[in-house]
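Coordinate inspection notes
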Amino acid sequence: WKAKGQPPDVRRVRDPRILHDRLKQAVFWARLTTAALPSFLFLLLLSWWLRPWVPETHLRRVAVVAYGLGTLIFTYSVQLMSHQLATSLMFSAFILVNVVARRGASVWLLPVAGFLGASALACDYQLIFAAVPLAVYSLWVIRPLWRIVLPLVGAAGPVTVLLWYHYAAFGSGFWTGYEFF
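Predicted, not measured: the structure shown is a model, and the values here were computed from it.

Secondary-structure assignment places F42 in helix 2 (residues 16–49). C-alpha separation for the pair F42 and S92, spaced 50 residues apart in sequence, amounts to 6.9 Å.

So this is what it looks like as structure tokens:
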């Protein structure tokens, strides 16, 4: 602004209408990228995973659409960010472990499963109630047993970020915000 010799229009930057529009755009993109799009991608993965049990395409589509529109997945995916994102991530982790163990898919999907499961836990702490059964299921079905290290390698990144966040926010990597209520 110095080159033009005119001061910036401060009123325009602080105009509530412009701020409101920017906030609406930010919320739209946040909901799209962290809730709606991951939910849609999860529905595609679910449809693919259901193929052996529901081989007829139309019935499978009806089941997935009924799940997507007939349950809280639709409401959560357009309104709330962490719940549906975390659920989609955790169930996707289960699907990947199941596909590797039962259908003989590449073992290199296991680090991805670990990453997804740990990311789900970082999004929503309550998913510990799904993470523990998933870990037990993984121990049960993944063979040879040394492969159980692969999901742990994938989980290391999100767990490290979560512990760092807790340390920065609460003073210890193992303290959560719940302890300050």
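This next bit is on the layout of surface pockets. One water molecule sets the probe size; rolling that probe over the atoms shows where empty space is left. Taken as a whole, the largest pocket encloses approximately 610 Å³ of empty space. Along its surface, the largest pocket is lined by 28 residues, and G117, A118, L121, A131 and A155 are the ones closest to its centre. Elements that contribute at least two residues to the lining of the largest pocket include exactly helix 5 (82–103), helix 6 (109–123), helix 7 (128–141) and helix 8 (149–170). The greatest single-element share of the lining of the largest pocket, amounting to seven residues, is contributed by helix 8. Partitioning the lining of the largest pocket into residue classes produces 22 nonpolar, six polar and no charged. Taken as a whole, the second largest pocket holds about 240 Å³ of empty space. The wall of the second largest pocket is formed by 14 residues, among which S39, F40, L43, V64 and G68 lie closest to the centre. Of all the secondary-structure elements, those providing two or more residues to the lining of the second largest pocket are helix 2, helix 3 (57–70) and helix 4 (72–79). Residue contributions to the lining of the second largest pocket peak at six residues, all from helix 2. Looking at the lining of the second largest pocket residue by residue, the class counts come to nine nonpolar, four polar and one charged.

In this section: the side chain of S92. Position of S92 relative to the elements: it lies in helix 5. On the basis of relative accessibility, which here comes to 9%, the residue S92 falls in the buried class. Of note is the side chain of S92, whose polar atom sits 2.7 Å from the backbone oxygen of S88. What S92 contacts, discounting residues up to four positions off in sequence, is F42, L45 and L116.

Relative to each other, helix 6 and helix 8 sit at 30°, their axes nearing to 6 Å. If you check the angle between helix 6 and helix 8, you find them roughly parallel. In terms of crossing hand, the pair formed by helix 6 and helix 8 is right-handed. Counted together, L110, P111, G114, F115, A118, S119 and A122 of helix 6 and L150, P151, G154, A155, P158, V159 and L162 of helix 8 form the full contact between these two elements. Partitioned by chemical class, the residues of the contact of helix 6 with helix 8 number eleven nonpolar, three polar and no charged.

This part covers helix 7. Look at helix 7: 20 Å from first C-alpha to last across 14 residues, which is about the 20 Å you get at 1.5 Å a residue. Among the residues making up helix 7, those that are buried are A131, L134, Y137, S138 and V141. On an axial view of helix 7, the arc spanned by its buried residues comes to 125°, and they lie on one face. Among the exposed residues of helix 7, those pointing more than 90 degrees away from its buried face are F129, V136 and W140. The inward-facing, buried residues of helix 7 abut helix 5.

Here we come to the packing of aromatic side chains. Counted under the stated rule, the structure contains nine aromatic pairs. By way of ring pairs, the aromatic residues F42, W49, W53, Y67, F91, F94 and Y137 are connected into one cluster. The ring of W48 carries R103 above its face, with NZ or CZ at 5.2 Å from the centroid.

Two elements in contact, helix 5 and helix 6, have axes separated by 8 Å at closest approach and are oriented at 155°. With respect to each other, helix 5 and helix 6 are oriented roughly antiparallel. Considering only the axes of helix 5 and helix 6, their crossing is left-handed. Judged by residue contacts, S82, L85, A86, L89, M90, S92, A93, L96, V97 and V100 of helix 5 engage L109, L110, V112, A113, L116, G117, S119, A120 and C123 from helix 6.

Each value, and the rule that gives it
Residues numbered from 1 in each chain as written. Predicted model: local features only at pLDDT ≥ 70, side-chain atom pairs only at ≥ 80, totals over all residues. Heavy atoms only, no water. Helix = DSSP H or I, 4+ residues; strand = E, 2+ residues; numbered from the N terminus. 1 Å grid on protein atoms, 1.4 Å probe; cavity = no way out; pocket = protein on both sides within 12 Å on 5 of 7 lines; lining within 4 Å. Points joined across faces, edges and corners; volume = space filled by probe spheres on them. Nonpolar A, V, L, I, M, F, W, Y, C, P; charged D, E, K, R; others polar. Buried < 20%, exposed > 50% of the residue type's maximum accessible area, 1.4 Å probe, protein only. Polar contact = N/O pair within 3.5 Å; in protein donor to acceptor, adjacent residues only side chain to side chain. Contact = heavy atoms within 4.5 Å. Axes fitted to C-alpha atoms, helices over the stretch in contact; angles between N-to-C directions. Parallel < 35°, antiparallel > 145°, perpendicular 65-115°, else oblique. Left-handed = near helix turned anticlockwise from the far one by under 90°. Expected span 1.5 Å × (residues − 1). Arc of directions from axis to C-beta. Phe/Tyr/Trp six-rings, centres within 6.5 Å; stacked < 30°, edge-to-face > 60°. Lys NZ or Arg CZ within 6 Å of the ring centre and 35° of its normal.

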